[in-house]
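Residues per chain are reported as follows:
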Amino acid sequence: MSKVLLINGSPNEYGNTWTALKEAADSLEQHGAETEMLYLGKQPMAGCIACYKCVKSGTCVFDDQVNQVIERLEQYDGLIIGSPVYFAGPSGRLCAFLDRLFWAGGKRMAGKLAAAVVCCRRGGASAALDRLNRYFTYSNMCVVGSSYWNLVHGLKAGEVKEDTEGMQTMQNLGKNMAWLLRNMEAGKDSGVQRPDYERKVYTNFVR
Ligand SMILES: Cc1cc2nc3c(=O)[nH]c(=O)nc-3n(C[C@H](O)[C@H](O)[C@H](O)COP(=O)(O)O)c2cc1C
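These figures come from a predicted structure and were not determined experimentally.

Thresholds applied
- The residue numbering used here restarts from 1 in each chain and proceeds along that chain's sequence as written.
- Only residues with pLDDT of at least 70 get local features here, since the model is predicted, and only at 80 or more are side-chain atom pairs given and counted; chain-wide, interface and lining totals rely on the full set of residues.
- Hydrogens and water are ignored here; the side-chain numbers use all heavy atoms of the structure.
- Detection works on a 1 Å grid of protein atoms alone, calling trapped sets that fit a 1.4 Å probe cavities and calling open sets with protein on both sides within 12 Å along at least five of seven lines pockets, with lining residues defined by an atom within 4 Å of a point.
- Grid points are joined across faces, edges and corners, and a volume is the space filled by probe spheres set on the points.
- Put simply, DSSP marks the helices as runs of H or I at least four residues long and the strands as runs of E at least two long, and each gets a number from the N terminus on.
- Residue classes follow a fixed rule: Ala, Val, Leu, Ile, Met, Phe, Trp, Tyr, Cys and Pro count as nonpolar, while Asp, Glu, Lys and Arg count as charged, and any other residue, Gly among them, counts as polar.
- With a 1.4 Å probe rolled over the protein chains alone, any residue whose accessible area is under 20% of its type maximum counts as buried; one over 50% counts as exposed, and the rest are partly exposed.

### A short note on the layout of surface pockets
When its volume is computed, the largest pocket comes out at roughly 810 Å³. Forming the walls of the largest pocket are 20 residues, and the residues nearest its centre are G106, K107, Y138, K200 and Y202. Counting residues per element, the lining of the largest pocket draws most heavily on helix α4 (residues 92-105), at four residues. Residues of the lining of the largest pocket, tallied by class, amount to 10 nonpolar, five polar and five charged. Of the voids in this model, the second largest pocket is the one considered here, and its volume is about 540 Å³. Looking at the second largest pocket, it is lined by 21 residues, and the ones nearest its centre are G111, K112, M184, K188 and R194. Per-element accounting of the lining of the second largest pocket gives the leading share, five residues, to helix α6 (residues 164-189). Looking at the lining of the second largest pocket, its residues break down into eight nonpolar, five polar and eight charged.

### Quick notes on unusual backbone geometry
Located in the positive-phi region is A50, a residue other than glycine, with phi close to 55°. Assignment of secondary structure puts A50 in the loop between β2 (34-39) and α2 (53-57). A50 sits in the partly exposed class, given a relative accessible area of 47%. Of note in this structure, N140 is not a glycine but carries a positive phi near 55°. Within the secondary structure, N140 sits in the loop between α5 (125-137) and β5 (142-143). A relative accessible area of 39% means that N140 is categorised as partly exposed.

See below:
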């Protein structure tokens, strides 16, 4: 059975981000996928220090949750990343985590399904979603849609439950991801291979 890792990027373990992710997770489970939720905690999160050591080692010099996820990446066929909106972007701690996860482990993300989910009181959701989707579309992942953009509204923990359209968006995201995962399983069984990628060409616009 395909497995999806859901990452809760809010410091609130059971706040609105969790509520939205849980709705998507329940829907994934109902439609035949396994799920696992990862909470990143409240402690300070190291950001990328641009040491480039991961280019050779494939792991981060800060041996924390980033490496724990990298180690287990093979187990996951899909990834859903959730964040509260902070000043019209994802939470800083989550970006610090994702910069290192995708710099060190990005090549191993290829071919997985992905979606970002954000929750906010009022505004900035589109900018936050755009930032999160950039990790996926840089890494040969396939982004899954829903019946609206993946955002929910609420301030106090659990308030997003009242956002019925937002909750339905989460349910449909789960349905769509589960359906695509089943298609991928069927494809694999009938010999459909994942694309092969040539060595990445880097051009930095000055030469
Ligand atoms: C530092 C900070 C910045 C925030 N910035 C925004 C914002 O730009 N737009 C918005 O609508 N809500 C903003 N909020 C509200 C949260 O996004 C909102 O309460 C969200 O539901 C929290 O999710 P959680 O319960 O998972 O932590 C901000 C909250 C904090 C703590």
